[in-house]
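# Structural characterization, general
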Protein chains: 2
Amino acid sequence: MKLLKDLILAEGKVMPGNILNVGSFLNQQLDIGLFNEMGKEFARRFAGQKVTRILTVEASGIGVACITAQYFNNVPVVFARKHHAKNIGGDVYHVGVTSYTQGTDYNITVSKEHLRPEDSVLLIDDFLAKGCAIEGLASLIKVAGAALTGVGIVIEKGFQSGGKRLRDQNIHLESLAIIESMSPEGICFRA
Amino acid sequence: MKLLKDLILAEGKVMPGNILNVGSFLNQQLDIGLFNEMGKEFARRFAGQKVTRILTVEASGIGVACITAQYFNNVPVVFARKHHAKNIGGDVYHVGVTSYTQGTDYNITVSKEHLRPEDSVLLIDDFLAKGCAIEGLASLIKVAGAALTGVGIVIEKGFQSGGKRLRDQNIHLESLAIIESMSPEGICFRA
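Quick notes on the rules
Residues numbered from 1 in each chain as written. Chains lettered and ligands numbered in written order. Predicted model: local features only at pLDDT ≥ 70, side-chain atom pairs only at ≥ 80, totals over all residues. Heavy atoms only, no water. Phe/Tyr/Trp six-rings, centres within 6.5 Å; stacked < 30°, edge-to-face > 60°. Lys NZ or Arg CZ within 6 Å of the ring centre and 35° of its normal. Buried < 20%, exposed > 50% of the residue type's maximum accessible area, 1.4 Å probe, protein only. Helix = DSSP H or I, 4+ residues; strand = E, 2+ residues; numbered from the N terminus. Arc of directions from axis to C-beta. Contact = heavy atoms within 4.5 Å. Pairing = 2+ DSSP bridges. Right-handed = clockwise from strand over helix to strand, strands pointing away. pLDDT = per-residue confidence, 0-100. Axes fitted to C-alpha atoms, helices over the stretch in contact; angles between N-to-C directions. Salt bridge = Lys/Arg side-chain N within 4 Å of Asp/Glu carboxyl O.

### Observations regarding the packing of aromatic side chains
By the definition in use, this model includes zero aromatic pairs over all chains. Between K82 of chain A and the ring centre of Y106 of chain A, over which it is positioned, the NZ or CZ distance is 5.3 Å.

Below, the structure is given as structure tokens:
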């Protein structure tokens, strides 16, 4: 997606440890005009497929997921929690995940009320690197007995293993920008 | 806002410790159609006022803030972090906050790049109880030298002190539903 790639080149900062800082438009300050264009693009790429629910994980994925849902007939957005909250009642699905960006292990949790066996779920997240968060979410969907329609990612780090592993499982993965390599000197995209 | 109050009565569950569980539409599963109606209502209530940025705090406020921004000319949404993340670079503003729902103390953090002295900021959040998170965000705005246009809240717990304290400071506070009292037997709204 050209608009997104142009923004990554103009505003993204490559930081030590293969971290890409795109905080000015994607995950601290959120560019709502861009998010609408991304939502339309996800709708185009998953056109004709059944989506009854969009699932993401807090916090950076929530904004993209909510704006995107508007292009999927306002289906509900559910976000998995990374941290314990007192206002989650009842039974939950949970799975352990390792975060690349945060450098920590954590549990992600979704209330059983919000993920049902009859659901067809589109996963949306801002980044795909090693794919641990997405694989965690996919395993929650499986445990719930629901169907995984596909995975929509804003920025895939193509030089890490997550994308290949998902595609090898025949999961329908759509990434709006795939970074082939990056360094403080520059960023190259997969064609 | 009638649509919201009807949903609170139909689906809200009052849990021990004065916790209101509205996870089915507000803070775990997000009702995007409702969020659009809330965004329109915030735009109506803050009509004619200068808003260059919407500020919220992760995680539950993000969805409402993003959808609402569409009714404020797609102004950028900035969310304060509660947890350390490696991809926040540079200088940050931070302030200590006590969470009622989570039962913990934490620091909230915003990058200085995303809150500028020339900004007029609308604060958006899902709940207002004792007002600690909102007062923390307001103090970040003050430290940044920006202006606080107002505060838009989805559900105010009118029986707790936050709303009164903000109104006593002549802050323009708009809450879409104000709960006067609640118990497992029922929920009463302020007229």
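### Re helix 1 (residues 2-11) of chain A
All names here are of chain A. Taken as a whole, helix 1 has its buried residues at L4, L7 and I8. Projected down its long axis, helix 1 carries its buried residues within an arc of 100°, all on one side. Among the exposed residues of helix 1, those pointing more than 90 degrees away from its buried face are K2 and A10. Among the structural elements, strand 2 (19-21), helix 2 (23-27), helix 3 (32-45), strand 9 (147-157), strand 10 (173-183) and strand 11 (186-189) are those in contact with the buried residues of helix 1.

### Examining the pairing of strand 5 (residues 77-80) of chain B
Residues and elements named next belong to chain B. A two-sided burial pattern is seen for strand 5, the buried positions comprising V77 and F79 on one face and V78 and A80 on the other. One ladder, built from four bridges, connects strand 4 (residues 53-57) with strand 5; its direction is parallel. The residue bridging L55 from the neighbouring strand is V78, located in strand 5. Handedness of the crossover joining strand 4 and strand 5 through helix 4 (residues 60-69) is recorded here as right-handed.

### Description of the confidence of the model for chain A
Mean pLDDT over chain A: 93, with 95% of residues reaching 70 or higher. Across the predicted assembly, pTM comes out at 0.95 and ipTM at 0.94.

### A word on the sheet that holds strand 9 (residues 147-157) of chain B
Strands sit in the order 3(A)-5(B)-4(B)-8(B)-9(B)-10(B)-11(B) across an open sheet of seven strands; the sheet is mixed. Edge positions in the sheet fall to strand 3 (29-30) of chain A together with strand 11 (186-189) of chain B, since each has one partner strand and no second. In this structure, strand 4 of chain B lies alongside strand 8 (residues 120-128) of chain B, joined through three bridges in parallel fashion. Counterpart to I54 of chain B in the pairing with strand 8 of chain B is L122 of chain B. Running over the sheet, helix 4 of chain B touches strand 3 of chain A together with strand 4, strand 5, strand 8 and strand 9 of chain B and is turned about 165° from strand 4 of chain B.

### Focus on the pattern of salt bridges
Where charged atoms from two side chains of opposite charge approach closely, those side chains can pair. Residue and element names in this part refer to chain A. This model, assessed by the stated rule, comprises 28 salt bridges over all chains. Its salt-bridge partner being E58, residue R81 comes within 3.9 Å of it at the nearest N-O pair. Here R81 is found in the loop between strand 5 (77-80) and strand 6 (92-99), whereas its partner E58 is found in the loop between strand 4 (53-57) and helix 4 (61-69), with 23 residues between them in sequence. Across the pair E180 and R190 runs a salt bridge, and its minimum N-O distance is 2.8 Å.

### Re the sheet that holds strand 8 (residues 120-128) of chain A
The strands making up a sheet associate through hydrogen bonds between their backbones, and the pairing can be parallel or antiparallel. Judged by pairing direction, the sheet is mixed, and its seven strands sit side by side in the order 11(A)-10(A)-9(A)-8(A)-4(A)-5(A)-3(B) without closing on themselves. One side of each edge strand has no neighbouring strand; the edge strands of this open sheet are strand 11 of chain A together with strand 3 (29-30) of chain B. Strand direction decides the pairing type here: strand 5 of chain A and strand 3 of chain B, joined by two bridges, are antiparallel. When the sheet's bridge partners are listed, V78 of chain A is paired in strand 3 of chain B with Q29 of chain B. Each of strand 8, strand 9 and strand 10 of chain A touches helix 3 of chain A; the most contacted strand, strand 10 of chain A, lies at about 120° to it.

### Structural notes on the environment of L115 of chain A
Residues and elements named next belong to chain A. Residue placement: L115 occurs in the loop between strand 7 (104-111) and strand 8. The buried category is assigned to L115, whose relative accessible area is 1%. Taking the C-alpha atoms as reference points, L115 and G162, 47 residues apart in sequence, are found 24 Å from one another.

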